[in-house]
Amino acid sequence: MKITTFLSALVYWVPQGSILGSLLFLINVNDMSAVVKNKLLLYADDSAILVSGKRNVIIESALGTELETVSEWLICNKLPFTLVK
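Quick caveat: nothing in here was measured; it's all calculated off a predicted structure.

Undergrad: Please clarify how helix H3 (residues 56-76) should be interpreted in this entry.
TA: Its 21 residues give H3 an end-to-end C-alpha distance of 30 Å, which sits within 8% of 30 Å, the value for a rise of 1.5 Å per residue. For H3, the complete set of buried residues consists of Glu66, Val70, Trp73 and Leu74. Viewed end-on, H3 has its buried residues packed into an arc of 95 degrees, placing them on one side of the element. In this structure, H3 carries Val57, Glu60, Glu68, Glu72, Ile75 and Cys76 as exposed residues pointing more than 90 degrees from its buried face. Where H3 is buried, its residues meet helix H2 (19-29) and strand E2 (46-50). One or two positions beyond H3, positive phi appears at Lys78, with a value near 55 degrees.

Below you can see the structure in the form of structure tokens.
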């Protein structure tokens, strides 16, 4: 009974540091580039958005827009959003 209850509470689980985790990450976020207008870097289990511009105000605005778009995409795809590692 306890094992069944425990297993039913697990929704998603992959061992940390496994090759499977990196592969599943890349499969899940591979189409994120469709919503990002700037440079998107995907590696192992991490992602980064690169924004460039001549003025800080323009960079901040573009990055804010990208973060909002990616945040909505992550929510729609039921993926967690973490700014800090």
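Undergrad: Sorry if this is basic, but what is going on with the environment of Leu40 here?
TA: Looking at the secondary structure, you find Leu40 in strand E1 (residues 39-43). We classify Leu40 as buried; its relative accessible area is 16%. Placed ten residues apart in sequence, Leu40 and Leu50 show a C-alpha to C-alpha distance of 6.4 Å. Ignoring sequence-local partners within four residues, the contact set of Leu40 consists of Met32, Ser33, Ser47, Ala48 and Ile49.

Undergrad: So what exactly am I meant to see when it comes to a nonpolar patch on the surface here?
TA: On the surface, Leu20, Leu23, Leu24 and Ile27 cluster together into a nonpolar patch covering about 360 Å² of accessible area. With respect to the element layout, Leu23 can be found in helix H2. What makes Leu23 partly exposed here is its relative accessible area of 47%.

Undergrad: Is there a simple way to think about the nonpolar core in this case?
TA: As a rule of thumb, nonpolar side chains are buried together in soluble globular proteins. Judged by nonpolar contacts, Phe25, Val29, Met32, Val36, Leu40, Val70, Trp73 and Leu74 together constitute the single largest core of eight residues. Elements represented by at least two residues in this core include exactly H2 and H3. Contacts of Val29, omitting those with residues within four sequence positions, involve Leu42, Trp73 and Leu79.

Undergrad: In this structure, what is going on with the environment of Ala48? I would like to understand it.
TA: Mapping Ala48 onto the fold places it in strand E2. Ala48 gets classed as partly exposed once you look at its relative accessible area, which sits at 32%. Beyond its immediate sequence surroundings of up to four residues, Ala48 is in contact with Lys39, Leu40 and Leu41.

What counts as what
Residues numbered from 1 in each chain as written. Predicted model: local features only at pLDDT ≥ 70, side-chain atom pairs only at ≥ 80, totals over all residues. Heavy atoms only, no water. Helix = DSSP H or I, 4+ residues; strand = E, 2+ residues; numbered from the N terminus. Expected span 1.5 Å × (residues − 1). Buried < 20%, exposed > 50% of the residue type's maximum accessible area, 1.4 Å probe, protein only. Arc of directions from axis to C-beta. Contact = heavy atoms within 4.5 Å. Patch = residues over 30% accessible without salt bridge, like charges linked within 9 Å, V, L, I, M, F, W, Y side chains within 5 Å. Areas by Shrake-Rupley, 256 points an atom, 1.4 Å probe, with all protein chains shown as cover. Salt bridge = Lys/Arg side-chain N within 4 Å of Asp/Glu carboxyl O. Core = buried A, V, L, I, M, F, W, Y, C linked by side-chain atoms within 4.5 Å.

As far as function goes, none of this settles anything; it's purely spatial.
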